[in-house]
Amino acid sequence: MKARLGLIGTGNMGGAMVQGLAHRQDLELHGYDPDKSCLERLGRECGLKQQPGPAELARDCDYVVLAVKPGLAPAVAAEISSSLDRSKCLISVAAGVKTGDLAFWSNKACPVVRVMPNTPALVGRGVFALCLEDDTLSPEQAGFIQGLFQDLGQVHVLPEKSFDAFTALIGSGPAYVYYFMESMVDAGVYMGLGRAQATEMVLELFAGSAHMAHKEKCHITQLKEMVTSPGGTTTAGLGALEKRAVKAAVLKAVQEAARRSRELGGK
Ligand SMILES: NC(=O)C1=CN([C@@H]2O[C@H](COP(=O)(O)OP(=O)(O)OC[C@H]3O[C@@H](n4cnc5c(N)ncnc54)[C@H](O)[C@@H]3O)[C@@H](O)[C@H]2O)C=CC1
Ligand SMILES: O=C(O)[C@@H]1CCC=N1
């Protein structure tokens, strides 16, 4: 029998999960979102079954993914609580929202799993943190959930205390990478390259550099040194980055994101 997985909220993250899991023959995907346009598109493209509301979705599904904005999590968890039971599992991807609060809002009706994803899940290359600390979670449920997210990318089982750090670094991470990519493309345009061609070059620069870092297995600093000839162009460029404290700015950015994650969780 197919496992029934329901997504409450099919925006950027919920939608990415639906698209990433659409190929799985052993899953029946359900969705609810007040925005009917994204539900209908996912119905057409991915075979998502539309549900009339969160409570109906929770009643009909074995695994219920809460993919709404963190501020909506208390109300939605409370709304579905009477449709949940011990055989089901509530999975939240909401930034900052803690398992203890989710269990409280949903009246401890079923086990709760906290997940922090990132958007490359859309193309099967997400990085996920899973908090599997709820002791009412069965080994079968834990195994199923790990398998689910392994299908969407790389999985790290982490204690909940590491979630603010993971959220700040990896959940928000794609935005930092795209910010840096955008800056590189703008620099190319500033130096007279065409935007389309500069974009193509920068995308391959990132893809090739990441691929090389995976393959070569040496320290990232060594890879940087391989590019940096004494008295050459790279050391001139890196010197300008150091002068503007870009690494310190990156550390600060991740710290600020972690602070916001704690704030969203009410800490
Ligand atoms: N976008 C990202 O990169 C990541 C997002 N997250 C988390 O995922 C969650 C969703 O974020 P996004 O997908 O980016 O937001 P989004 O705004 O793209 O999607 C949220 C969806 O929830 C729907 N919605 C609003 N009220 C609802 C209700 N009562 N019931 C069901 N659906 C409702 C909206 O129509 C919207 O489609 C957030 O809690 C966020 O913290 C976590 C990691 C990464
Ligand atoms: O910006 C946010 O709050 C969400 C959580 C991590 C990535 N996006």
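About the criteria used
All chains use their own residue numbering, which begins from 1 and follows the written sequence. Key to labels: chains lettered from A, ligands numbered from 1, both in the order written. Local features in this predicted model are restricted to residues whose pLDDT is 70 or higher, and side-chain atom pairs enter the listing and the counts only when it is 80 or higher, whereas totals over whole chains, interfaces and linings include all residues. The basis for every side-chain value is the complete set of heavy atoms in the structure, and neither hydrogens nor water enter the calculation. Classification of residues uses two cut-offs on accessible area relative to the type maximum, computed with a 1.4 Å probe and protein chains only: under 20% is buried, over 50% is exposed, and between them is partly exposed. The helix and strand labels rest on DSSP assignments: H or I over at least four residues marks a helix, E over at least two residues marks a strand, and numbering proceeds from the N terminus. Here the rule is simple: two strands pair whenever DSSP picks up at least two bridges between them. A clockwise path from the first strand over the helix to the second, with the strands pointing away from the viewer, defines a right-handed crossover. By definition in these notes, contact holds between two residues if any of their heavy atoms fall within 4.5 Å. Structural elements are reduced to axes, namely lines fitted to C-alpha atoms, with helices fitted over the stretch in contact, and the angle between N-to-C directions of any two is expressed from 0 to 180 degrees. Proximity is defined per residue: any heavy atom of the residue falling within 4 Å of a molecule or strand makes that residue near it. Pairs of N or O atoms within 3.5 Å make up the polar contacts considered here, provided that, within protein, one atom can donate a hydrogen while the other can accept it, and that residues adjacent in sequence are counted only when both atoms are side-chain atoms. For the accessible areas, the method is Shrake-Rupley and the probe is 1.4 Å, while residue cover comes only from the protein chains on display.

Enquirer: What is the right way to look at the pairing of strand β5 (residues 89-92) in this model?
Expert: The two faces of the sheet receive side chains in turn, since in a regular strand these alternate between them. Across the two faces of β5 the burial is the same, with Cys89 and Ile91 and Leu90 and Ser92 all buried. Here four bridges tie strand β4 (residues 63-66) to β5, and the two strands are oriented parallel to one another. Paired with Val65 across the strands is Ile91, a residue of β5. In this region the chain leaves β4, passes through helix α4 (residues 73-80) and returns to the parallel neighbour β5; the handedness of that crossover is right-handed. As defined by bridge partners, β5 adjoins strand β6 (residues 112-116) across three bridges and the pair is classed as parallel. Its bridge partner lying in β6, Leu90 is registered against Val112. Read from β5 through helix α5 (residues 99-105) to β6, the crossover connection turns out right-handed.

Enquirer: Whenever I open this one, the sheet that holds β6 confuses me. Can you help?
Expert: The strands that make up a sheet pair up through hydrogen bonds in the backbone, lying either parallel or antiparallel. One open sheet accounts for eight strands, arranged β3-β2-β1-β4-β5-β6-β7-β8; its pairing is mixed. One side of each edge strand has no neighbouring strand; the edge strands of this open sheet are β3 (49-50) and β8 (153-157). Helix-sheet contacts for α4 involve β1 (3-8), β4 and β5, and the interaxial angle to β4 is about 160 degrees.

Enquirer: How should I be thinking about the site of ligand 1 in this particular structure?
Expert: Every one of the 21 residues lining ligand 1 counts as a neighbour, but Asn12, Met13, Asp33, Val68 and Ala95 are closest to it. Here an oxygen atom of ligand 1 and a backbone polar atom of Met13 are 2.8 Å apart. Note that an oxygen atom of ligand 1 is positioned 2.9 Å from one of the backbone N or O atoms of Ala95. Within the complex, 78% of the 830 Å² of free accessible area of ligand 1 lies under protein.

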